[in-house]
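Each chain, letter by letter, is given below.
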Amino acid sequence: MSTLDFLQPDPTTLFEQVAQAGIQGMGGGGFSTARKLRLAWQAKATRVIANAVECEPGINVDAALLAEHSPEVVQGLNIVMTAIGATQGVLAFAADFPKSTIKMLCQQFENQADREPDADSFAANQPSLSCTPITRTAGAGAERHLCQQLFGLSLEPTQYPIDRGVLCLNVGTLFAIQQAIVLGKPLRQRLVTVNGDTNWVSLGTPFADLLTLEEQPGAKTTRRYREGGHYTGKLSPPKAVVTAATNAVWLVEPATQTPCTYCSRCSDACPEALAPQTLHRLCTQPQVGAPSTQASPQSLSESALEANGLSRCTECGLCNNLCPSNIDLLGSFQQAKAQAREQALADARAHRAKQRHERHVSRTQARAQIALQRRESRRESRRLKQRGPDAWR
Ligand code: SF4
Ligand code: SF4
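Cut-offs and rules
Residues numbered from 1 in each chain as written. Chains lettered and ligands numbered in written order. Predicted model: local features only at pLDDT ≥ 70, side-chain atom pairs only at ≥ 80, totals over all residues. Helix = DSSP H or I, 4+ residues; strand = E, 2+ residues; numbered from the N terminus. Buried ≥ 20, exposed ≤ 12 C-beta atoms within 10 Å, placed from the backbone. Contact = placed C-beta atoms within 7 Å. Near = placed C-beta within 6 Å. Nonpolar A, V, L, I, M, F, W, Y, C, P; charged D, E, K, R; others polar. Axes fitted to C-alpha atoms, helices over the stretch in contact; angles between N-to-C directions. Parallel < 35°, antiparallel > 145°, perpendicular 65-115°, else oblique. Pairing = 2+ DSSP bridges. Arc of directions from axis to C-beta.

A.B. asks: Explain the overall build of the chain to me, using residue names and the numbers behind them.
C.D. replies: Each helix and strand counted, the chain has 12 helices and 10 strands in total. Residues counted as buried form 34% of the 393 residues belonging to the chain. Restricting to contacts in the chain with at least 6 residues of sequence separation, those with at least 24 account for 69%.

A.B. asks: So, the environment of T256: which residues are in play, and what are the values?
C.D. replies: Topologically, T256 is positioned in the loop between β10 (248-252) and α8 (265-269). Given 7 C-beta atoms within a 10 Å radius, T256 is considered exposed. In the structure, T256 is positioned 70 residues away from N326 in sequence and 6.5 Å away in space, judged by C-alpha atoms.

A.B. asks: Let's hear about the site of ligand 2: which residues, and what values?
C.D. replies: Near ligand 2 you find 14 residues, and of these C270, C313, C316, L318 and C319 are the closest. Of all the elements in the fold, those that place two or more residues in the shell around ligand 2 are α11 (318-322) and α12 (329-387). Classifying every residue of the shell around ligand 2 gives 10 nonpolar, 2 polar and 2 charged.

A.B. asks: Help me get a handle on the packing of helix α1 (residues 11-20) against helix α6 (residues 171-182), residues and values and all.
C.D. replies: It is at 10 Å that the axes of α1 and α6 come closest, and there the two elements cross at 110°. As far as their axial angle goes, α6 and α1 are roughly perpendicular. Counting all contacts with α1, which are made through L14, Q17 and V18, the residues of α6 involved are I177, A180 and I181.

A.B. asks: Any chance you could break down the site of ligand 1 for me, citing the residues and the numbers?
C.D. replies: If you check the shell around ligand 1, you find 15 residues, and the closest are C260, C263, C266, Q277 and C323. Of the residues belonging to the shell around ligand 1, the class tally is 10 nonpolar, 4 polar and 1 charged.

A.B. asks: Account for the sheet that holds β10, with residues named and values stated.
C.D. replies: Reading across the sheet, the 5 strands line up as β7-β6-β10-β8-β9 and stay open at both edges, with mixed pairing between neighbours. Because the sheet does not close on itself, it has two edges, and the strands there are β7 (197-202) and β9 (234-236). Pairwise comparison of adjacent strand axes, ignoring direction, gives a mean angle of 35° for this sheet. As paired strands, strand β6 (residues 189-194) and β10 are joined by 2 bridges and run parallel to one another. Counterpart to V194 in the pairing with β10 is V249.

A.B. asks: Can you explain α1? Please cite residues and give values.
C.D. replies: Taken as a whole, α1 has its buried residues at L14, F15, Q17 and V18. Here the buried residues of α1 occupy an arc of 165° about the axis, which is enough to place them on one side. Close packing links the buried residues of α1 with α2 (33-42), α3 (61-84) and α6. With its phi angle positive at about 70°, G22 sits one or two positions after the end of α1.

A.B. asks: Before we move on, can you summarise the packing of α3 against helix α4 (residues 99-110) with the specific residues and values?
C.D. replies: For the pair α3 and α4, interaxial distance at closest approach is 9 Å and the crossing angle is 5°. Looking at the two axes, α3 sits roughly parallel to α4. Across from A63, L66, A67, S70, P71 and V74 in α3, the residues of α4 making contact are T101, M104, L105 and Q108. Class assignment of the residues belonging to the contact of α3 with α4 gives a composition of 7 nonpolar, 3 polar and no charged.

A.B. asks: Now, about the pairing of strand β8 (residues 224-227): what can you tell me, with residues and values included?
C.D. replies: The alternating pattern of β8 places Y225 and E227 on a buried face, while none of R224 and R226, on the opposite face, is buried. The sheet contact formed by β8 and β10 spans 4 bridges and is antiparallel. By the bridge assignment, E227 is partnered in β10 with V249. Note that β8 and β9 share 3 bridges and pair antiparallel. Within the sheet, the bridge partner assigned to E227 lies in β9 and is K234.

A.B. asks: So what about α2? Which residues, and what values?
C.D. replies: Turning to α2, its buried residues are T33, K36, L37, A40 and W41. Projected down its long axis, α2 shows its buried positions confined to an angular sector of 135°, all on one face. Here the buried face of α2 lies against α1, α3, β5 (166-170) and α6. K44 sits one or two positions beyond α2 and adopts a positive phi of about 55°.

Structure follows, in structure tokens:
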């Protein structure tokens, strides 16, 4: 891969280079970074958040990356800000990072090596760059929470940060962008926490090469791989491999699910004040709601989910983790949201097709009208010619 003038990058060339480097959201989302950058550029986003608030226990990739490569992350942040025309960049990190890492960040942003970092009050500001510690709580690293905490922006459930001029990228993604643009290196490896230890791992490495399911050769095991955090991670198939979005891999014992006891632990803990057990019931019983209206059962279920605030769920996974019945609450929310997104895309496609058809019909009618008028005018001219010069008087 070629390198790019990172001091004055041409946005579209940069987006192409990021796409060619195979960079995806490395905080676990896996969304195409080139697409996200393009959307932010088109929306004229003015703020960029470098997200290093790993709010799931046990995962240590952002802290390890910043300990080793904070200058490259800051350079990646600068490159992105220059490319999309943003004026404010904030590195948000977990306030309980090791003191040595916080001190290094302090030096990076303030260039004051002798300053004793104070995680509670530290906020080093440069004209356009700053870094801020965030208390590690469930869901603290979610984009909408960071927008609220850093800029006081309350996002509507249907809004994304880009809708309010904020681009949020994981620090791993910014590091990968810096490597691709400055050094011409495509994304080939990433930091992964494997059962608690964090190391560089090549993309495409089978989980089986990182952790073996069999404790003894030939012994049958009920253990499974879990990809991601304890709260938001999901069980993976035995042949799963490391991707750009894999931040952690664990060996776990899958728990047996039992019926809901209505203990209300999930609703008591939900940071968004939702009722996860109700949402789960709606997600898993799409026929719920008596078909007493003309609306379909599917639309009834969707509107019930919306009324119960599914779109406000940040997928922090806290309810999942606390449920004593081991109900896969989060999995059902993610599936319902994915279905809703697919439905929205299908609706948008159908709407565009309808508009195209209507435009086609109106163009055809306009052409037919013009042709008719021309025929009329030619007929009229012929008629006048036949009547001779007197007809013009
Ligand atoms: S925590 Fe689990 S068992 Fe308790 S109410 Fe919620 S879904 Fe039901
Ligand atoms: S995952 Fe559960 S606890 Fe977290 S916001 Fe959604 S419903 Fe609430």
